[in-house]
Amino acid sequence: MNTLPQQLANGLFLGSMYGLIAIGYTMVYGIVQLINFAHGEIFMTGGFGALTVYLALPAGISMWIALPAMLIGGALVAVLIAVGAERFAYRPLRGAPRLAPLITAIGLSLALQQAVFNLYPNAKSARVFPQLPFGPYHLGSVTIQSGDVFLIIAAPISMAILAFFVRLSRTGRAMQATAQDPDTAQLMGIDTNRIIVIAFAIGGLFAAVAGVSYGLKYGSVSYDMGFIAGLKAFTAAVLGGIGNVYGAMLGGLVLGLAEAMATAYIADIPGMQQLGGQGWAAVWAFVLLILVLLFRPQGLLGERVADRA
């Protein structure tokens, strides 16, 4: 019990990162009903884009100056890849059977992973990511690392901006209309192609913020970091109710808390010593997904997405 506050904090930090990635899944699915399995690799390229900007800056530059440039660079890379994927990989298949874009998404995921593996200098091993020059901080028994400070600031600010954009802006209302009925929205004068591109771009932007957060939190980025993180973020989107942007963040927080608690305390249960530890983190995350799908298939917030013909 002495470690409970620390585990709760760890779960919230981890869940915030999952939630940032999950927003990209849920926005794209809510509008075009496509599960973009390449989104985990878009998250990965955002991290590498930020690292590239840092390496291009003068040696010894302050992180207070470098970090905004890294965020911009990572966002540009992730958004360009997300928009390019929509335009050249997914849009030609929009009227095809659903299996075709799903297979394309998986192929694009593998292609992006291998492109970074083969083309980025020394990407075959994890690349060291620059760290913020402060912390750690101690609040009672809770230790907060510098990367976690960035995460707990970036996640709520990003969510607040997104909520404002979706609810109050003209484009946000057009996105809601397109998600509800794209054909009727188009008849009402909404450029649905533009709206879909914007949804992919926003997803890429959030993935880039998550990619920078990952590098600051763990101290490195790797070409394969998007695979498991992407699957867990998709799990978070389903947990919260896929198609609901608030559900995506809620699902991420629930998943992060469940993962932190399971890895910390499962081994303390009699007879479960072999099922604890960090190596089982992904297993317990997907066990939670199965339980939610069994008892509440629409997700925690109850968002039901219409099945389009």
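Just above sits the structure.
Note that this is a predicted model, so its numbers are computed, not measured. (Residues numbered from 1 in each chain as written. Predicted model: local features only at pLDDT ≥ 70, side-chain atom pairs only at ≥ 80, totals over all residues. Heavy atoms only, no water.)

**Student:** Sorry, what's going on with helix H3 (residues 63–90) here?
**Tutor:** A rise of 1.5 Å per residue sets the reference length of H3, with its 28 residues, at 40 Å; its end C-alpha atoms lie 37 Å apart and thus fit the reference within 8%. Between a side-chain oxygen at the N-terminus of H3 and the backbone nitrogen of Trp64 the separation is 3.2 Å; the capping residue is Ser62. (Helix = DSSP H or I, 4+ residues; strand = E, 2+ residues; numbered from the N terminus. Expected span 1.5 Å × (residues − 1). Polar contact = N/O pair within 3.5 Å; in protein donor to acceptor, adjacent residues only side chain to side chain.)

**Student:** It is not clear to me how the environment of Gln7 should be interpreted in this structure. Could you clarify?
**Tutor:** Looking at the element boundaries, Gln7 is found in helix H1 (residues 4–32). For Gln7, a relative accessible area of 16% translates into the label buried. The sequence separation of Gln7 and Met17 amounts to 10 residues, and the corresponding C-alpha distance is 16 Å. Setting aside chain neighbours within four positions, we find Gln7 in contact with Ala260, Met261, Ala264 and Tyr265. (Buried < 20%, exposed > 50% of the residue type's maximum accessible area, 1.4 Å probe, protein only. Contact = heavy atoms within 4.5 Å.)

**Student:** What exactly am I supposed to notice about a nonpolar patch on the surface here?
**Tutor:** A surface patch of nonpolar side chains, amounting to about 680 Å² of accessible area, comprises Trp280, Val283, Val287, Ile290, Leu291, Leu294 and Phe295. Within the element layout of this structure, Trp280 appears in the loop between helix H10 (245–265) and helix H11 (281–295). Overall, Trp280 belongs to the partly exposed group, its relative accessible area being 31%. (Patch = residues over 30% accessible without salt bridge, like charges linked within 9 Å, V, L, I, M, F, W, Y side chains within 5 Å. Areas by Shrake-Rupley, 256 points an atom, 1.4 Å probe, with all protein chains shown as cover. Salt bridge = Lys/Arg side-chain N within 4 Å of Asp/Glu carboxyl O.)

**Student:** Sorry, what's going on with unusual backbone geometry here?
**Tutor:** Negative phi characterises most residues that are not glycine, and trans characterises most peptide bonds. Positive phi, normally seen in glycine, also occurs at Gln33, with a value near 50°. Looking at the element boundaries, Gln33 is found in the loop between H1 and helix H2 (39–56). You can call Gln33 buried: its relative accessible area is 12%. A positive phi angle, near 55°, is found at Asn122, a position not held by glycine. Position of Asn122 among the secondary structure elements: in the loop between helix H4 (99–119) and strand E1 (127–128).

**Student:** Help me out: how do you make sense of the packing of aromatic side chains in this one?
**Tutor:** To describe a pair of aromatic rings, you give the distance between the ring centres and the angle between the ring planes. Counting across every chain of the model gives nine aromatic pairs. With centroids separated by 5.8 Å and ring planes inclined at 85°, the aromatic side chains of Phe43 and Tyr214 adopt a geometry described as edge-to-face. With a gap of 171 residues between them, Phe43 in helix H2 and Tyr214 in helix H8 (residues 192–218) connect regions that are remote in the sequence. In this pair, the class of Phe43 matches that of Tyr214, namely buried. With a centroid separation of 5.5 Å and 15° between ring planes, the pair formed by Trp64 and Phe134 is classed as stacked. Note that Trp64 is positioned in helix H3 and Phe134 in the loop between E1 and strand E2 (137–139), a separation of 70 residues in sequence. Assessed through its relative accessible area of 57%, Trp64 is described here as exposed. Judged by relative accessible area, which is 18%, Phe134 ranks as buried. (Phe/Tyr/Trp six-rings, centres within 6.5 Å; stacked < 30°, edge-to-face > 60°.)

**Student:** Just checking my understanding: could you explain the side chain of Thr235 for this structure?
**Tutor:** Residue placement: Thr235 occurs in helix H9 (residues 225–240). Dropping the residues within four chain positions of it, Thr235 is found in contact with Leu255, Ala285, Phe286 and Leu289.

**Student:** Looking at this structure, how should I read the environment of Ile65?
**Tutor:** Here Ile65 lies in helix H3. For Ile65 and Phe164, which are 99 residues apart along the polypeptide, the C-alpha to C-alpha distance reads 28 Å.

**Student:** Explain the packing of H1 against H8 to me, please; I cannot follow it from the model alone.
**Tutor:** Any two packed helices are characterised by the angle at which their axes cross and by the distance between the axes. At a closest axis distance of 9 Å, the pairing of H1 and H8 adopts a crossing angle of 165°. Of the possible angle classes, the one that applies to H1 and H8 is roughly antiparallel. As H1 packs across H8, the resulting crossing turns out to be left-handed. Split into classes, the residues belonging to the contact of H1 with H8 amount to 21 nonpolar, two polar and one charged. (Axes fitted to C-alpha atoms, helices over the stretch in contact; angles between N-to-C directions. Parallel < 35°, antiparallel > 145°, perpendicular 65-115°, else oblique. Left-handed = near helix turned anticlockwise from the far one by under 90°. Nonpolar A, V, L, I, M, F, W, Y, C, P; charged D, E, K, R; others polar.)

**Student:** Where do I start with the pattern of salt bridges in this structure?
**Tutor:** Side-chain pairing between opposite charges can occur once the charged atoms of the two side chains come close. Counted according to the given criterion, the structure contains four salt bridges. The closest approach of N and O atoms between Arg91 and Glu86, which form a salt bridge, is 3.1 Å. By relative accessible area, Arg91 is classed as partly exposed at 23%. Note on Glu86: relative accessible area 1%, which makes it buried. The residue Asp148 makes a salt bridge to Lys217 at a minimum N-O spacing of 2.9 Å. One end of the pair, Asp148, is in helix H5 (residues 146–168); the other, Lys217, is in helix H8, with 69 residues separating them in the sequence. Judged by relative accessible area, Asp148 falls into the buried class, the value being 5%.

These figures capture arrangement, not role.
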